[in-house]
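One letter stands for each residue in the lines below.
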Amino acid sequence: MPKVGETDDRRRLNHFTFWPGFLLLLGGITLGLTYHEYLAAILKTVMEWIHVNFGWLEVSLAIIIIMFTVGIALSPIGNIRLGGKDAKPEFTFWQWFALSLCGCIGIGILFWAMGEPIYHMMQPPLSLHITPGTKDAGVFAIAQTTLHWTIAQYCFYTICGVAIALVSYNRNYPLSVAAGMYALFPKKSRPVLTATVHAICLFSLCCAIATSMGAGLMQIGSGTGMIFDYVPGHKTWAAAAAIIIPIYVISSYSGLKKGMRILSSGTTKAFFFFMGLVLFLGPTLFILGIGVESFGYFANNFFRNSTLLNTMQVDDKWPMQWLVPYMEIFFIFAPLLGHFLARMGKGRTIRQFILVNIIPPTVFCHFWIATFGGTAVFFQWSGLYDVWSGIHEFGMESMVYILLSQFPYSKVLMAIFVITIVFSFATMTDSLVATLAIISTKGVRASEEPPKHLKIIWGIVTGLIAYVLCVCGGIEPVRGLISLAGFPMMIFTFAMCISLVKDGIYLLSKPDWLDTETEKN
C-alpha cells in the first residue's frame, strides 16, 4: 500500500504537463481570434497538405486498428481479466453501456444525424457513380453515416482503453495515456515521455472539445430560438453555457460512480424515448425499410466504403471533406476517451471490454441514424421539405428543428430535443473534463479520483473557450488545428496497440495475470 505522502504527491499538479499544454492551447486560441483570416489561410493550407499526403495513412491505419481490435478479442489476451482473476466489476452492464455511449458520442451524433445523410445523398462520392437524390443515394447516405459514427471510432477508443486499463489494473501503473505506451520505452525515459504525451493530449483534447461545444451551444440557441420565436445570439449562447457548465462540473466533481453514472443513465433513457417518439410520429415504415437496407449496404461494403479516397479523381472533394477528417477527429479522441473507458474496465475480461464497448453503441447509433437520418431523407425524397436548401439557408444547427416543426406537437418535440442536447453535451464533457484533470496530475491510480479543483478548473476553461470561439466566429480556423493535433494522436494510438501486445504476452506468463512486482511509481 502506498503511503499517504506518496498518494498526495501523485495527485498534485504536474507542471511539466499542465503548463506547456495550457499555454499552447491559449496561444493557439489567441492567434485564432486575433489573426482570424491569416491563421485560417495557413491552417487550411496545412490541413490540405496533410489530407493529400497522409490521408491514405490515416484511412489505412483505421482499417488496421479495426482488424487488430477484433484479433485481440479473439486471441488469448482477450481472456485476461482486468484487475486480476478475482477482480469484480464495479458497474452493471446497463451502467457500463450508458457510460460508454454517452461518454463517447456526445452531441456529435445529435448534430449530424439529420444533416450528414443529406450531404451524402445530394453529393455522394464520384467514384461510386451514384446519382444524387435517388434511392441508391439515400441508402448510401444512411449506411455511410453509420460507418462514420460506429465501428471505427469505437474500435479506436476501445483498444486504447484496453491498453491503458491493462497496465493500470494489472501492472499498477498510473492511470494515464502515457502508461499505455510504457512497454515501448525504458523506465528512465518515462517521466519525459509522460510529460510530453500528456501536454500534447491536453492541447489536442481542448481544441476538440471547444469546437464540439461551440457547435452544441449554437444548436441549443437555434432550438430555443425556434421554440420561443427569437433570433439567438451572444446572450443565448452565454445562457446555454451558464446552464451546461455547472451541470458537468458538478457531475464530474462528484466522481464517475456518482454524478457521471446518474447523468449518463438518464441521458441514455432520454435518447431511447426521443428516438421512439420520432420513429412512431414520423414516416415509420420508411424509417424501418431504409434502416434495414442501409444496414445490408453497410455490411456488404464496409471495407470498400471505409477506404474511399480520390485516387484518379482529384476533383472529388468528398473524401477530404468527410472520411479523412473523421479519422483525424477519432484519432484525437482515441487515447483520451480510451482513458475514460479504462476506468470502467475493472473486473471484465478484455474480450468483454471490447465487445460491450463496440457492439451495443454501434447498434444504437445505427438505429438513431436510421431514425433521424431516414426522416431527413424521406422529407427530401418525397418533396415535403427541401432539406438540402434548408441546410444552406439556415445552417446545420437549425436543421433538426426545421424538420421537427413538420411533426405534430412540434414545440414539445423541440423542447425535448434541446433538453436531450444539454444533458448529452454535459455527459460527454464530464468524461473529458475528468480525463483532463487526471492527466494533469503526477500519476493518479485507476482506483482514485483526480483532485476536484482540477476538474473545476478544466470544466470552466473548456466551457469559456467554447463560448469565446462561438462569439468571435473563431471556430472554423481553430478547427484547422485538429488536423495538426490528430497526427501525433494517431501515432499514440498505434503505439498503444503495439504496447498492448507486449503487455498482454507478458501478463499471460503470470499465473494470476497481476504483476505484483512492478514498480509503484
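Residues numbered from 1 in each chain as written. Predicted model: local features only at pLDDT ≥ 70, side-chain atom pairs only at ≥ 80, totals over all residues. Heavy atoms only, no water.

Whenever I open this one, the overall build of the protein confuses me. Can you help?
Counting secondary structure elements, the protein contains 21 helices and 0 strands. Counting all 521 residues of the protein, 60% fall into the buried class. Within the protein, contacts between residues at least 6 apart in sequence are counted, and of these 83% link residues at least 24 apart. In the form shown here, the protein has an accessible surface area of approximately 20400 Å², with 68% of it arising from carbon and sulfur atoms. (Helix = DSSP H or I, 4+ residues; strand = E, 2+ residues; numbered from the N terminus. Buried < 20%, exposed > 50% of the residue type's maximum accessible area, 1.4 Å probe, protein only. Contact = heavy atoms within 4.5 Å. Areas by Shrake-Rupley, 256 points an atom, 1.4 Å probe, with all protein chains shown as cover.)

Is there a simple way to explain the packing of helix α4 (residues 93–105) against helix α15 (residues 323–342) in this structure?
In a packed pair of helices, the relevant descriptors are the angle between the two axes and the axis-to-axis distance. At a closest axis distance of 10 Å, the pairing of α4 and α15 adopts a crossing angle of 160°. Classified by the angle their axes make, α4 and α15 are roughly antiparallel. The crossing of α4 and α15 is right-handed. Contact residues: α4 offers Leu 99, Ser 100, Gly 103 and Cys 104, while α15 offers Leu 337, Phe 340 and Leu 341. Class assignment of the residues belonging to the contact of α4 with α15 gives a composition of 5 nonpolar, 2 polar and no charged. (Axes fitted to C-alpha atoms, helices over the stretch in contact; angles between N-to-C directions. Parallel < 35°, antiparallel > 145°, perpendicular 65-115°, else oblique. Left-handed = near helix turned anticlockwise from the far one by under 90°. Nonpolar A, V, L, I, M, F, W, Y, C, P; charged D, E, K, R; others polar.)

Any chance you could explain the side chain of Thr 150 here in plain terms?
Tracing the chain through its elements places Thr 150 in the loop between α7 (135–149) and α8 (151–170). Note on Thr 150: relative accessible area 0%, which makes it buried. Here Thr 146 takes part through its backbone oxygen, which lies 2.5 Å from a polar atom of the side chain of Thr 150. (Polar contact = N/O pair within 3.5 Å; in protein donor to acceptor, adjacent residues only side chain to side chain.)

Would you explain α8 in this entry?
An α-helical turn contains 3.6 residues, so any two residues separated by three or four positions project in the same direction. Under the 1.5 Å per step criterion, the end-to-end length of α8 is 27 Å for 20 residues, consistent within 8% with the ideal 28 Å. Along α8, 20 of the 20 residues are buried, which leaves the element largely enclosed by surrounding structure. Positive backbone phi, at 60°, marks Asn 172, one or two positions downstream of α8. (Expected span 1.5 Å × (residues − 1).)

Quick question: what am I supposed to make of the pattern of salt bridges here?
Two side chains that carry opposite charge are able to pair once their charged atoms sit near each other. According to the stated counting rule, one finds 3 salt bridges in the structure shown. Here Lys 346 ties to Glu 90 by a salt bridge, and the two come within 4.0 Å at their closest N and O atoms. One end of the pair, Lys 346, is in the loop between α15 and α16 (350–382); the other, Glu 90, is in the loop between α3 (36–74) and α4, with 256 residues separating them in the sequence. Under the relative-accessibility criterion, Glu 90 is labelled partly exposed at 35%. (Salt bridge = Lys/Arg side-chain N within 4 Å of Asp/Glu carboxyl O.)

Would you mind going over the packing of aromatic side chains with me for this structure?
Centre-to-centre distance and the angle between the planes together describe a pair of aromatic rings. A complete count under the given rule lists 33 aromatic pairs for this structure. For the ring pair Tyr 154 and Tyr 157, a centre distance of 6.0 Å and an interplane angle of 65° mean the geometry is edge-to-face. With a gap of 3 residues between them, Tyr 154 and Tyr 157 both fall in helix α8, about one helical turn apart. Both residues of the pair, Tyr 154 and Tyr 157, belong to the buried class. Here the aromatic rings of Phe 156 and Phe 331 are separated by 4.5 Å at their centres, their planes lie at 20°, and the arrangement is stacked. One end of the pair, Phe 156, is in helix α8; the other, Phe 331, is in helix α15, and 175 residues separate them in sequence. (Phe/Tyr/Trp six-rings, centres within 6.5 Å; stacked < 30°, edge-to-face > 60°.)

Would you explain the environment of Ala 152 in this entry?
Mapped onto the elements of the fold, Ala 152 is located in helix α8. For Ala 152, a relative accessible area of 6% translates into the label buried. Measuring from C-alpha to C-alpha, the distance between Ala 152 and Phe 330 comes to 8.0 Å, with 178 residues separating the pair along the chain. In contact with Ala 152, other than residues within four places in its own chain, are Ile 66 and Met 327.

Would you take a moment to explain unusual backbone geometry for this structure?
As a rule of thumb, non-glycine residues mostly have phi less than zero, and peptide bonds are mostly trans rather than cis. Even without being glycine, Asn 172 reaches a positive phi, approximately 60°. Counting through the fold element by element, Asn 172 comes out in the loop between α8 and α9 (190–228). Given a relative accessible area of 29%, Asn 172 falls into the partly exposed group. Positive phi is not limited to glycine here, since Met 312 has a value of about 65°. Overall, Met 312 belongs to the exposed group, its relative accessible area being 81%.

What am I meant to see in a nonpolar patch on the surface here?
A grouping of Ile 64, Met 67, Leu 184, Phe 185, Phe 303, Phe 494 and Ile 498 is seen on the molecular surface, where their side chains present a nonpolar patch of about 600 Å² in accessible area. Of all the secondary-structure elements, those providing two or more residues to the nonpolar patch are α3 and α21 (475–508). Mapped onto the secondary structure, Met 67 falls in helix α3. On the basis of relative accessibility, which here comes to 46%, the residue Met 67 falls in the partly exposed class. (Patch = residues over 30% accessible without salt bridge, like charges linked within 9 Å, V, L, I, M, F, W, Y side chains within 5 Å.)

Whenever I open this one, the packing of helix α6 (residues 115–122) against α16 confuses me. Can you help?
Two elements in contact, α6 and α16, have axes separated by 8 Å at closest approach and are oriented at 45°. Classified by the angle their axes make, α6 and α16 are oblique. For the pair α6 and α16, the crossing hand works out as right-handed. Contacts between α6 and α16 involve Pro 117, Ile 118, Met 121 and Met 122 from the former and Gly 373, Ala 376, Val 377, Gln 380 and Trp 381 from the latter. Taken together, the residues of the contact of α6 with α16 sort by class into 7 nonpolar, 2 polar and no charged.

Would you mind showing me how to read the side chain of Thr 375 here?
As for its position among the elements, Thr 375 is in helix α16. Among residues more than four places away in sequence, those in contact with Thr 375 are Val 278, Pro 283, Ile 287, Ala 370 and Phe 407.

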